[in-house]
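Chain and residue survey
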Amino acid sequence: MKVYKANRAGIRSTTIVAVRRDGRVAIAGDGQVSLGPTVMKSGAVKIRRVKGRDIVAGFAGSTADALTLFDKFEAKVEEFRGNLPRASVELAKEWRTDRMLRKLEALMIVADIDHVFIVSGSGDVIEPEDGIAAVGSGGSYATAAARVLVKHTELDARQIVEESLRAAAEICVYTNDSISIEEITPV
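In this report, we go over the structure that sits alongside the text. Since we're looking at a predicted model, the values are computed, not measured.

**Thoughts on the nonpolar core**
Within the largest apolar cluster, 21 residues are counted, with the highest numbers of intra-cluster contacts made by Phe73, Met108, Val110 and Val119. Of all the elements in the fold, those that place two or more residues in this core are strand S6 (56–61), helix H2 (63–79), helix H3 (84–97), strand S7 (106–111) and strand S8 (116–120). Contact partners of Met108, with chain neighbours within four places excluded, come to Ala57, Gly58, Phe59, Leu69, Phe70, Phe73, Leu91, Phe117, Ile118 and Val119. Within the second largest apolar cluster, 15 residues are counted, among which are Ala26, Ala28, Ala146 and Ile160.

**So, the pattern of salt bridges**
Evaluation of the coordinates by the stated rule reveals 13 salt bridges. Taking the shortest distance from any N to any O, the salt bridge between Arg53 and Glu78 comes out at 3.3 Å. Taken together, the residues span a long stretch of sequence, with Arg53 in the loop between strand S5 (47–49) and S6 and Glu78 in helix H2 at a distance of 25 residues. Take Glu78: its relative accessible area is 39%, and that puts it in the partly exposed class. When salt bridges that share partners are traced, they join Lys72, Lys76, Glu79 and Glu94 into one network.

**Some points on the side chain of Asn176**
Looking at the secondary structure, you find Asn176 in the loop between helix H5 (157–171) and strand S11 (180–184). From its side chain, Asn176 meets the backbone nitrogen of Ser178 in a polar contact 3.1 Å long.

**Looking at the sheet that holds strand S9 (residues 125–126)**
Taken together, 5 strands build an open sheet; the order of strands is S5-S6-S7-S8-S9 and the sheet is antiparallel. The strands lining the two open edges of the sheet, one partner per strand, are S5 and S9. Both S6 and S7 contribute to a ladder of 6 bridges, which runs antiparallel. Following the sheet pairing, Phe59 is matched in S7 by Met108. The strands touched by H3 are S7, S8 and S9; relative to S8, the strand with the most contacts, the crossing angle is about 10 degrees.

Calculation criteria
- Residues numbered from 1 in each chain as written.
- Predicted model: local features only at pLDDT ≥ 70, side-chain atom pairs only at ≥ 80, totals over all residues.
- Heavy atoms only, no water.
- Core = buried A, V, L, I, M, F, W, Y, C linked by side-chain atoms within 4.5 Å.
- Buried < 20%, exposed > 50% of the residue type's maximum accessible area, 1.4 Å probe, protein only.
- Helix = DSSP H or I, 4+ residues; strand = E, 2+ residues; numbered from the N terminus.
- Contact = heavy atoms within 4.5 Å.
- Salt bridge = Lys/Arg side-chain N within 4 Å of Asp/Glu carboxyl O.
- Polar contact = N/O pair within 3.5 Å; in protein donor to acceptor, adjacent residues only side chain to side chain.
- Pairing = 2+ DSSP bridges.
- Axes fitted to C-alpha atoms, helices over the stretch in contact; angles between N-to-C directions.

Here is the structure:
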């Protein structure tokens, strides 16, 4: 019998959710850092703004791995002069093909005013059709909540990500309600 090791980034990480609505984008992340069944920290910030750009990234998975990927992503954004689609694709390619990066266990959501992408180490760069993306252990709960709120309320993007993350925190034991939010608004 062959045993497959589960990817920790998809099982016991955190929750990051992004929503693009009415010309605005918001990304929220919870603050819980878990080591096995233990909460090690409850107020971590897993959302980062790219220096000098209206681009935000959120990460789920191993913290050290995610911070390494954020640094690589920031370099790609600079290399491609703020072109988020190109920077995302190039990061995913490097992540997938580089021997050391390939071992990193994390997922990222990256966004600017026009795009929201999920970027993975398997080479995926996914742009959700509805402008709603979530990753991490509570990602499916946050996605469901965000879709309902977009469809049935007039809440703005910031309010939707906050409420979606609160809903995920009520269900997922690896997600808490210590929420950080970054928002991108039109200039």
